[in-house]
Amino acid sequence: MVLSALYWGCTGRNAMAATVSSSGGPITAVPWMIVLGAVIVALVLVIYMGWLIVGKIGRELQVANVHLLQSEMKEMSLMQRIHEATERYRKLEQELHQTQYELRMARGKA
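What you are looking at is a predicted structure, and each value in this text was computed from that prediction instead of being measured.

A. Representation of the overall build of the chain. Check the secondary structure of the chain and you find three helices and zero strands. In the chain, buried positions account for 5% of the 110 residues. Surface summary for the chain: the accessible area is close to 10200 Å², and the carbon and sulfur share equals 69%.

B. Summary view of the confidence of the model for the chain. With 74% of its residues at a pLDDT of 70 or more, the chain has an overall mean of 83. Element-level mean pLDDT values for the chain span from 48 in helix α2 (residues 12-20) up to 95 in helix α3 (residues 29-109).

C. Summary view of a nonpolar patch on the surface. Taken together, the side chains of Trp32, Val35, Val39 and Leu43 present a nonpolar region at the surface, about 440 Å² in accessible area. On the secondary structure map, Val35 appears in helix α3.

Quick notes on the rules
Residues numbered from 1 in each chain as written. Predicted model: local features only at pLDDT ≥ 70, side-chain atom pairs only at ≥ 80, totals over all residues. Heavy atoms only, no water. Helix = DSSP H or I, 4+ residues; strand = E, 2+ residues; numbered from the N terminus. Buried < 20%, exposed > 50% of the residue type's maximum accessible area, 1.4 Å probe, protein only. Areas by Shrake-Rupley, 256 points an atom, 1.4 Å probe, with all protein chains shown as cover. pLDDT = per-residue confidence, 0-100. Patch = residues over 30% accessible without salt bridge, like charges linked within 9 Å, V, L, I, M, F, W, Y side chains within 5 Å. Salt bridge = Lys/Arg side-chain N within 4 Å of Asp/Glu carboxyl O.

See the structure below:
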């Protein structure tokens, strides 16, 4: 340490930085590591918050999808009921025409 202090000039801030620094360089390298650590922590926090937001949106989409499926099932059920009612109507209408035809034929014979 004494040799490094002599190398940096024994006076002022550079002498203290040289003796405190473990890598042999000036102590100004330490704030860069702090800044780099802070940037990494900030990136991790941003990624984590994004993950939470995506998870929340995913859950909301699942709920919306369930409601959509329920609506589609109800719609299909109602469509089936309409189809059945239409078939019954056609069948009854056909029976009515058949009965009217038979009635006309019976009146024609009489």
